[in-house]
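Take a look at the letters that make up each chain.
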Amino acid sequence: MSESLPLIILAGGIKEPPVLPESGADKKPLSGAKGIDIEIGGRPLIDHLLERLLECGAFGPIWIAGPVAAYGESRLGCEVIDTNESLGRNTEVAMRHATPYLDGGPLAITTCDILPEVSDLRTLIADYRAQAPSDFWFPLIRVPEDPEVLGASAWKPQYSLREAATGEMQKVLPGHLLVLDPSVIHRRLCFNCFEVAYRSRNRRVLYRLLVMIQQVLFLLLRQDLQNLARFRLPRRMITALGNGILLGVGLRNETISEEMIAERLRRIYIRRDHRLAHPERRARMPMVEGFSLAKDIDTREEADEVARDLSR
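Residues numbered from 1 in each chain as written. Predicted model: local features only at pLDDT ≥ 70, side-chain atom pairs only at ≥ 80, totals over all residues. Heavy atoms only, no water.

**What about empty space enclosed by the protein?**
Here is step 1: Summed over all chains, the structure comprises 2 cavities of 30 Å³ or more.
Here is step 2: In terms of lining residues, the second largest cavity is bounded by Leu49, Leu53, Thr110, Ile114, Pro116, Leu121, His176, Leu177 and Leu293.
Here is step 3: Residues belonging to the lining of the second largest cavity are distributed by class as follows: 7 nonpolar, 2 polar and no charged. (1 Å grid on protein atoms, 1.4 Å probe; cavity = no way out; pocket = protein on both sides within 12 Å on 5 of 7 lines; lining within 4 Å. Points joined across faces, edges and corners; volume = space filled by probe spheres on them. Nonpolar A, V, L, I, M, F, W, Y, C, P; charged D, E, K, R; others polar.)

**Re helix H10 (residues 258-269)**
Here is step 1: The end-to-end C-alpha distance of H10 is 16 Å, a good match for the 16 Å that 12 residues give at a rise of 1.5 Å each.
Here is step 2: Buried within H10 we find Glu258, Ile261, Ala262, Leu265, Arg266, Ile268 and Tyr269. End-on view of H10: buried residues confined to an arc of 165°, all on one side of the axis. (Helix = DSSP H or I, 4+ residues; strand = E, 2+ residues; numbered from the N terminus. Expected span 1.5 Å × (residues − 1). Buried < 20%, exposed > 50% of the residue type's maximum accessible area, 1.4 Å probe, protein only. Arc of directions from axis to C-beta.)

**Re unusual backbone geometry**
Here is step 1: Cis peptide bonds are those with omega within 30 degrees of zero, and the linkage from Gly60 to Pro61 qualifies with -10°.
Here is step 2: For Pro61, the position within the fold is in strand S4 (residues 59-66).
Here is step 3: For the peptide bond that leads from Ala132 to Pro133, omega is 0°, which places it in the cis range.
Here is step 4: Here Pro133 lies in the loop between helix H5 (118-131) and strand S8 (136-137).
Here is step 5: Even without being a glycine, Asp103 presents a positive backbone phi close to 55°.
Here is step 6: Its place among the elements puts Asp103 in the loop between helix H4 (87-98) and strand S7 (107-111).
Here is step 7: A positive phi is found at Glu254, a non-glycine position, where the angle reads about 55°.
Here is step 8: For Glu254, the position within the fold is in the loop between helix H9 (235-253) and H10.

**Re the packing of helix H2 (residues 45-56) against H5**
Here is step 1: The N-to-C vectors of H2 and H5 enclose an angle of 50°; their axes lie 9 Å apart at closest approach. When the axes of H2 and H5 are compared, the pair comes out oblique. Viewed along their axes, H2 and H5 form a crossing whose handedness is right-handed. Of the residues in H5, those in contact with Arg52, Leu53, Glu55 and Cys56 of H2 are Val118, Leu121 and Arg122.
Here is step 2: Class assignment of the residues belonging to the contact of H2 with H5 gives a composition of 4 nonpolar, no polar and 3 charged. (Axes fitted to C-alpha atoms, helices over the stretch in contact; angles between N-to-C directions. Parallel < 35°, antiparallel > 145°, perpendicular 65-115°, else oblique. Left-handed = near helix turned anticlockwise from the far one by under 90°. Contact = heavy atoms within 4.5 Å.)

**Thoughts on the side chain of Glu301**
Here is step 1: Considering the arrangement of structural elements, one finds Glu301 in helix H12 (residues 300-311).
Here is step 2: Among the polar contacts made by the side chain of Glu301, one reaches the main-chain amide nitrogen of Lys28 at a distance of 3.1 Å.
Here is step 3: Sequence-distant contacts of Glu301, that is, excluding residues within four places in its chain, are made with Asp26, Lys27, Lys28 and Ala152. (Polar contact = N/O pair within 3.5 Å; in protein donor to acceptor, adjacent residues only side chain to side chain.)

**Some remarks on the sheet that holds strand S9 (residues 140-142)**
Here is step 1: Spatial strand order, S10-S11-S9-S14: 4 strands in an open sheet with mixed pairing. For this open sheet the edge positions go to strand S10 (159-162) and strand S14 (287-288), each flanked by a neighbour on one side alone.
Here is step 2: The pairing of S9 with strand S11 (residues 169-174) spans 3 bridges and is classified as antiparallel. If you follow Arg142 over to S11, its bridge partner there is Val172. (Pairing = 2+ DSSP bridges.)

**A word on the pairing of S4**
Along a regular strand, successive side chains alternate from one face of the sheet to the other.
Here is step 1: With respect to burial, S4 is a largely interior element, 6 of its 8 residues being buried.
Here is step 2: Across 5 bridges, strand S1 (residues 5-10) lies against S4 in parallel orientation. By the bridge assignment, Leu7 is partnered in S4 with Ile62.
Here is step 3: Note: S4 against strand S6 (residues 78-82), 4 bridges, orientation parallel. If you follow Trp63 over to S6, its bridge partner there is Glu79.

**Thoughts on H4**
Here is step 1: With 12 residues, H4 should cover 16 Å at 1.5 Å per step; its first-to-last C-alpha distance of 16 Å lies within 8% of that length.
Here is step 2: For H4, the tally of buried residues reaches 9 of 12 residues, placing the bulk of the element in the interior.
Here is step 3: Those residues of H4 that fall on the buried side of the exposure criterion are Leu87, Gly88, Asn90, Thr91, Glu92, Val93, Ala94, Met95 and Ala98.

Rendered as structure tokens:
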């Protein structure tokens, strides 16, 4: 078997319920520490998730980044990293904890509010390994053609992309599994964008892009001023904003492919010195099957549906 991927499960508490779009206006949004608060068959969601991740056989060690007061110091042999702040801060704390175990290798990150099928996990990890090494890998999940398959998640906003291989339009949802090389990313920028992306989830593409540009503008400006003080060219803001705008226009006009998105994001989040030293490396956002990775549990209706499905 291939070497296991170290994995962080982001499991901090959500203080405010998410704002849902009009399509989810009749749903009941969830808050709190969903991994422990959502119970299925009398057991917390986090335990079901851990069992499937362990059964998959692709991950280890596994850490839970969340409050020890809720999860305990460990669950099913997996250490809990005590953190309960913003998602960006939780990611930063967890990544710092995990880095000594990586030995320069990749790190996987997921969330506590999904319950993926083991078969879907194995299929996606096989896709990742087939193209490794990559600067980051993040799957885009094809939306099933049968509306009934969407179930209680039918309200989630979908993204229309032009598939690079065929040129055909495809409806996709983001998969909740990211594999990256922590040694080559702009960490501060990534942590800030993780936070903004999470707070604006389930909103329209253009809205999310505008919020993200607004939130990270000051950070980029400050870093460029620091570069000027060191007699370096202020490339960060130009690179990030330029590629961010092109990305937003392509998404809004439905003219961009998954390969183009991955390259734009690579230019924003991956350090320039690494990109110049390794032009052969790529970022990958493959369009794949595996709908269970796209069904994060944001509402009471989705939690109830997962419980019913598991009871069957």
